[in-house]
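Structure at a glance
Residue strings, one per chain:
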Amino acid sequence: MEQKDITVEDFRHVLDNFPTVRTIALVGEGEPLMHKGFFEMARMATDRGIRVVTLSNGSTFSSSNVKKICAVGIVYISVSIDSFDPSTFAASRIGGDLTQVLTGIKRLADYRDSHGFQYPRIGLKGTLFDQTQNQIPAIVAMAKSHGVEIFEGFQPLNPMSTYLPIYPTEKLKALDTDEMGQVTAAILRDSAKALTQLKSVSQFCEDEGIALSKNGRGNGLRPNCDEEWVYALLSGDITPCCQIKTPISSNWNLTSHTLDEVFADTLYENTRFNLWNGLFPDHCKGCFKTNV
Ligand SMILES: C[S@@+](CC[C@H](N)C(=O)[O-])C[C@H]1O[C@@H](n2cnc3c(N)ncnc32)[C@H](O)[C@@H]1O
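Please read all numbers here as calculations on a predicted model, not as lab measurements.

Turning our attention to the side chain of Asn158. As for its position among the elements, Asn158 is in the loop between β5 (150-156) and α7 (169-175). The contact partners of Asn158, leaving out residues within four places of it in the chain, are Tyr163, Tyr167 and Gln243.

A separate point is the packing of aromatic side chains. According to the stated counting rule, one finds seven aromatic pairs in the structure shown. Aromatic pair Tyr111 and Phe117: ring centres 6.2 Å apart, planes at 20°, arrangement stacked. Given a relative accessible area of 29%, Phe117 falls into the partly exposed group. Consider the rings of Phe263 and Tyr268, whose centres lie 5.7 Å apart with planes at 45°: the pair is tilted.

Across the 10 residues that make up helix α2 (residues 38-47), a large majority, seven, are buried. Looking at α2, one finds that the buried residues are Phe38, Phe39, Met41, Ala42, Met44, Ala45 and Thr46. Looking at the buried side of α2, the elements it contacts are α1 (8-17), β1 (23-26), β2 (51-56) and α3 (63-72). At the C-terminal side of α2, Gly49 shows a positive phi close to 80°.

Once that is clear, we can look at the pairing of β2. Inspection of the sheet shows β1 paired to β2 by four bridges, in the parallel sense. Considered in β2, the bridge of Leu26 is made with Thr54. Bridge count for β2 against strand β3 (residues 76-80) is four bridges, and the pairing is parallel. By the bridge assignment, Val53 is partnered in β3 with Tyr76. Handedness of the β2-α3-β3 crossover: right-handed.

One pass over the full model with this rule turns up 13 salt bridges. Arg12 serves as the salt-bridge partner of Glu9, at 3.1 Å between the closest nitrogen and oxygen. Of this pair, Glu9 and Arg12 both sit in helix α1, three residues apart, which is roughly one turn of the helix. By relative accessible area, which is 41% here, Glu9 ends up partly exposed. Between Glu29 and Lys245 there is a salt bridge whose closest N-O contact spans 2.9 Å. With Glu29 in the loop between β1 and α2 and Lys245 in the loop between β8 (238-239) and α10 (259-264), the pair connects residues that are 216 residues apart, well separated along the chain. A relative accessible area of 14% means that Lys245 is categorised as buried. Salt bridges sharing partners connect three or more residues here, namely Arg112, Asp113, Arg121 and Glu149.

The sheet built from six strands is open, its strands ordered β1-β2-β3-β4-β5-β6 with parallel pairing. Either end of the sheet is taken by a strand with one partner, and the two such strands are β1 and β6 (199-200). Pairing analysis gives five bridges linking β3 to strand β4 (residues 121-128), with the strands arranged parallel. Each bridged residue has a counterpart across the sheet, and for Ile77 the counterpart in β4 is Ile122.

Looking now at the confidence of the model for the protein. In the predicted model, the protein carries a mean pLDDT of 88, and 92% of its residues have values of at least 70. Across residues 216-220, confidence stays below pLDDT 50; counting only partners more than four residues off in sequence or on other chains, it has 11 contacts.

Another aspect to go through is unusual backbone geometry. A cis amide bond links Tyr119 to the next residue, Pro120, at an omega of 5°. Following the sequence through the fold, Pro120 ends up in the loop between α5 (98-114) and β4.

A few words on helix α9 (residues 201-208). Three or four residues apart is the spacing at which side chains of an α-helix point the same way, because the helix has 3.6 residues per turn. All of the buried residues along α9 are Val201, Phe204, Cys205 and Glu208. Around the axis of α9, the buried residues are gathered within 100° of arc, so they sit on the same side. Here the buried face of α9 lies against β2, β3, β4, β5 and β6. Where α9 ends, the next residue or the one after it, Gly209, has phi of about 75°, a positive value.

Turning our attention to the site of the ligand. In the vicinity of the ligand lie 19 residues, with Ser80, Arg93, Thr127, Asn158 and Tyr167 positioned nearest. Ser56 places a polar main-chain atom, nitrogen or oxygen, 3.5 Å from an oxygen atom of the ligand. A distance of 2.7 Å separates a nitrogen atom of the ligand from a polar atom in the backbone of Asn158. Starting from 540 Å² of accessible surface for the ligand in isolation, the protein chains cover 86%. Listing elements by their share of the shell around the ligand, those giving two or more residues are β2, β4 and β5. Residues that form the shell around the ligand fall into these classes: five nonpolar, nine polar and five charged.

About the criteria used
- Residues numbered from 1 in each chain as written.
- Predicted model: local features only at pLDDT ≥ 70, side-chain atom pairs only at ≥ 80, totals over all residues.
- Heavy atoms only, no water.
- Helix = DSSP H or I, 4+ residues; strand = E, 2+ residues; numbered from the N terminus.
- Contact = heavy atoms within 4.5 Å.
- Phe/Tyr/Trp six-rings, centres within 6.5 Å; stacked < 30°, edge-to-face > 60°.
- Buried < 20%, exposed > 50% of the residue type's maximum accessible area, 1.4 Å probe, protein only.
- Pairing = 2+ DSSP bridges.
- Right-handed = clockwise from strand over helix to strand, strands pointing away.
- Salt bridge = Lys/Arg side-chain N within 4 Å of Asp/Glu carboxyl O.
- pLDDT = per-residue confidence, 0-100.
- Arc of directions from axis to C-beta.
- Near = heavy atom within 4 Å.
- Polar contact = N/O pair within 3.5 Å; in protein donor to acceptor, adjacent residues only side chain to side chain.
- Areas by Shrake-Rupley, 256 points an atom, 1.4 Å probe, with all protein chains shown as cover.
- Nonpolar A, V, L, I, M, F, W, Y, C, P; charged D, E, K, R; others polar.

Written as structure tokens, this is what we have:
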């Protein structure tokens, strides 16, 4: 996907424009820790009393990054681990080094504990393929033994239209077969077991006083969709779900409209209403959440 970093100045404006924000996730399609302004932005947020969470491939938990992560007070960091097998992991992560990731997680947990930091708590996330669909129990055991405490969740290869142009041809084959359904079913089955080994994100949020039920807003009918956030693109366009990455309406843009105006927009309301009821718009075509 096109890689583009938010500027530190734009991030400052976002914080200025949303003074009531309490928790912020510094995430994107790329690797947050590779952003040169990552720690500056994190500090800017924590200085305002905002909790910062993030999501990483775990490959750059060097001694100096580990110190900075703890010092800036990042509350939660989840690490993506797609396989327990180093060669499968390397294939999925294009040269990724599983040992380096696991060593880094342990380095972070050890530094945190030996220096009296409460945070960050460390979570687990990942993407499963047909050949790795039964690996959640082994990944969980391995991650737990290196300091992971929270199970955030796994997802199958994303079959939505925004992703298709970036896949190699051989991966496209896997998307229109029963394999997707099988992977989703395996994830559901093994996630329940994983939650007997690791704390759930909902529990973590409850412990930390972060309002996140994962069940949609108060009058929502359908879990999984219409979660309690908006997803913002660097252009200022927002969508009701992070799986929808194509701007739907020019009225849903935070450079020209306030959040309240977007929420009051009829199309926005209708889209959320449809998500609640499982009436999925075209933008949701292929999303694994529509099968859950
Ligand atoms: C896009 S990554 C970005 C953050 C960080 N670099 C990482 O690796 O976790 C966020 C999550 O999306 C998952 N992911 C990335 N590409 C995906 C795809 N095409 N289909 C499904 N999940 C994907 C990753 O496994 C990861 O857990």
